[in-house]
Amino acid sequence: MRKLFKKMILLAFLLIIYMYVLVVSYIPDKITIFEGENISLKTIFGITVDAKNEVLETAANTGEKTIHKVGSESLSVSLFDKLFLKSVDVSVLPRTTVIPVGNIAGVKLYTNGVLVVGMSEIEGEDSKTYKPYENTGIEEGDTIVKINDNLVNSTDDLIEKVNMSNGEKVEIEYIHDEETKECSITPIKTSKEEYKLGLWVRDSAAGVGTVTFYEPSTQSFGALGHGITDIDTGDLLNIASGEFVTAKVLNIKKGEDGNPGKIQGTVEEQETIGEITKNTEFGIYGKIQDVSSLNIDMSKEMEVAMREEIKTGKATILCSLDNQTVKEYEIEITKIYRDNNYNNKSMEIKVTDDELIEKTGGIIQGMSGSPIIQNGKFIGAVTHVLVNSSTEGYAIFGDLMLKQSKEVN
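Just so it is clear, the model here is predicted, and its values are computed rather than measured. Per chain, residues are indexed from 1 in the order of the written sequence. With pLDDT at 70 or above as the cut-off, local features in this predicted model cover only qualifying residues; side-chain atom pairs require 80 or more to be listed or tallied, and sums for whole chains, interfaces and linings still use all residues. Excluding hydrogens and water, the side-chain values take into account all heavy atoms of the structure.

Caption draft 1: The sheet that holds strand S29 (residues 371-374), seen in detail. A strand pair is defined by DSSP finding two or more bridges across the two strands. The secondary structure listing takes helices from DSSP runs of H or I that are at least 4 residues long and strands from runs of E that are at least 2 residues long, numbered from the N terminus. As summarised here, the arrangement of the six strands in space is S26-S27-S28-S31-S30-S29, forming a closed barrel in which the pairing is antiparallel. Averaged over neighbouring strand pairs, the angle between their axes works out to 45° when direction is ignored. Axis definition: a line fit to C-alpha positions, over the contact stretch in the case of helices; interaxial angles, taken between N-to-C directions, run 0 to 180 degrees.

Caption draft 2: Looking closely at the nonpolar core. Side-chain atoms within 4.5 Å link the members of a nonpolar core, which is a set of buried Ala, Val, Leu, Ile, Met, Phe, Trp, Tyr and Cys residues. Whether a residue is buried, partly exposed or exposed follows from its accessible area with a 1.4 Å probe, protein chains only, as a fraction of its type maximum: under 20%, in between, or over 50%, in that order. Of all hydrophobic cores here, the largest spans 46 residues; its most connected members are Ile310, Ile317, Ile333, Met347, Ile349, Leu356 and Ile372. Put simply, the parts of the chain that give this core at least two residues each are strand S26 (313-320), strand S27 (326-336), strand S28 (347-351), S29, strand S30 (377-386), strand S31 (389-397) and helix H4 (398-406). With five residues, the top contributor of residues to this core is S30. Whether two residues are in contact is decided by their heavy atoms, any of which lying within 4.5 Å being enough. When residues no more than four places from it in sequence are discounted, the contact partners of Met347 are Ile310, Ile333, Lys335, Ile336, Tyr337, Ile379, Gly380, Gly393, Tyr394, Ala395, Ile396 and Phe397. Formed by 23 residues, the second largest nonpolar core is a distinct cluster that contains Ile239, Phe244, Ile276 and Ile296.

Caption draft 3: Representation of the side chain of Thr383 in the model. Tracing the backbone through its elements, the reader meets Thr383 in strand S30. Residue class for Thr383 comes out buried when judged on its relative accessible area of 3%. Under the rule applied, a polar contact is a pair of N or O atoms within 3.5 Å (in protein, one hydrogen donor and one hydrogen acceptor; residues adjacent in sequence only if both atoms are side-chain atoms). Looking at Thr383, its side chain comes within polar contact range of the side chain of His384, at 2.9 Å. Look past the residues within four positions of Thr383 in its chain and what remains in contact with it is Leu224, Gly225, His226, Asn344, Ser368, Tyr394, Ala395 and Ile396.

Caption draft 4: Summary view of a nonpolar patch on the surface. Grouping into patches uses exposed residues only, defined as over 30% relative accessible area, and leaves out salt-bridged ones; the cut-off is 9 Å for like charges and 5 Å for nonpolar side chains (Val, Leu, Ile, Met, Phe, Trp, Tyr). Per-residue accessibility takes into account occlusion by the displayed protein chains alone, with areas from the Shrake-Rupley method and a 1.4 Å probe. Put simply, a salt bridge is a Lys or Arg side-chain nitrogen that is within 4 Å of an Asp or Glu carboxyl oxygen. A grouping of Leu10, Phe13, Leu14, Ile17 and Val21 is seen on the molecular surface, where their side chains present a nonpolar patch of about 470 Å² in accessible area. Relative to the assigned elements, Val21 resides in helix H1 (residues 2-26). Overall, the relative accessible area of 49% leaves Val21 in the partly exposed class.

Caption draft 5: Highlighting the environment of Gly227. For Gly227, the position within the fold is in the loop between strand S19 (220-223) and strand S20 (239-246). Using a relative accessible area of 13% as the deciding quantity, one classes Gly227 as buried. For the pair Gly227 and Met367, spaced 140 residues apart in the sequence, the C-alpha separation amounts to 14 Å. In contact with Gly227, not counting residues within four places along its chain, are Leu236, Asn279, Thr280, Glu281 and Gly283.

Caption draft 6: Layout of the pattern of salt bridges. Considering all chains together, one arrives at twelve salt bridges under this definition. The shortest N-O distance in the salt bridge between Asp399 and Arg307 comes to 2.9 Å. In this pair, Asp399 is assigned in helix H4 and Arg307 in the loop between strand S25 (302-303) and S26, connecting sequence segments 92 residues apart. Taken as a pair, Asp399 and Arg307 share a single burial class, namely buried. Between Asp399 and Lys403 there is a salt bridge, with the nearest N and O atoms lying 2.9 Å from each other. A residue pair is termed a helical-turn pair when its members lie 3 or 4 positions apart in one helix, as Asp399 and Lys403 do in helix H4 at four residues. Take Asp399: its relative accessible area is 1%, and that puts it in the buried class. One salt-bridge network, in which partners are shared between bridges, spans Glu37, Arg307, Asp399 and Lys403.

Now the structure itself:
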């Protein structure tokens with residue numbers, strides 16, 4: 001009995017240690033906050049967070065910690081203020097104002113290298129079938145960046161370099177899960193006297209979405225609230241460059257439960273608005289070159305709300321459904337996930353505006369990025385629709401988008 005009791009005590013002790021290890025591992029090494037924003041780090045009894053100097057302020061009534069000094073700071077995580085566990089680097093950004101936009105715009109992205117989107121057997125000039133890519137390690141979703149130490153800039157560039165091999169083995173450098181790898185492939189000559197690797201690749205993507213905000217102080221913009229992924233692989237596109245262009249709405253396909261709708265538009269023969277520099281899971285970002293092309297109302301500049309200011313209940317969204325005419329529609333915020341810094345599902349929302357429901361059925365593809373306003377402040381943007389309920393969906397916090405736009409690549 002005594003041995004069993006000791007084992008149980010030991011097991012309980014190990015479980016407690018494991019729990020503390022998990023908690024510490026989930027505390028990020030680096031966070032970005034706005035001046036005066038509450039620092040949200042999940043801890044448990046005994047784990048304390050403090051600063052080496054006196055910049056960290058703790059509210060007497062709530063215990064919430066904030067930093068009011070813009071710049072870089074370092075927080076120390078310790079156990080009972082005795083045992084140092086880790087440091088957290090904090091970037092404190094100045095509070096800013098933005099202009100919520102809501103216009104539909106076009107997006108053109110160009111990848112770093114070429115993205116592998118499929119594989120197929122090749123029929124050689126001898127009428128036999130081959131799989132030259134087999135056992136090389138290359139998979140769908142990988143990005144080919146070099147052939148024989150020469151950069152690959154486009155699909156045409158890849159085709160040209162493979163044909164120049166004359167069937168000799170080529171050395172390929174590619175990226176798999178953010179890790180650079182190498183392999184060798186011997187191209188197969190076809191009956192048309194072309195050399196093939198058996199890989200289907202893509203070097204660009206295009207579409208339409210909604211511009212979320214324009215920040216006058218930096219002439220930067222944020223849009224979509226989510227990243228652009230490859231239609232075949234589902235992976236976030238690793239871009240080399242991108243263009244932001246005006247778009248023309250052609251049609252609105254109304255959504256219904258179980259069948260999401262969409263805004264159908266074109267980016268052909270449209271004007272350049274600006275440059276896209278980032279494609280992230282929290283949206284796309286860049287610099288505006290021609291503000292006039294977005295028909296921005298400069299008088300609508302407003303503060304970005306902190307999360308503690310956002311409340312469940314009524315709010316509005318801005319979106320354009322008929323070529324540059326932006327209208328405001330009523331929604332309801334039904335749930336808020338204040339500690340969420342990990343994805344773009346920060347809030348649950350529901351469209352309550354009868355006019356918008358009549359036009360679109362609720363939330364449709366292309367409305368992603370529609371800015372949300374509550375109590376005169378920019379609080380976030382629409383990101384997703386629930387497939388089984390066309391009037392309901394998710395939204396991202398505005399502070400997450402602003403932080404992402406200011407992070408250095």
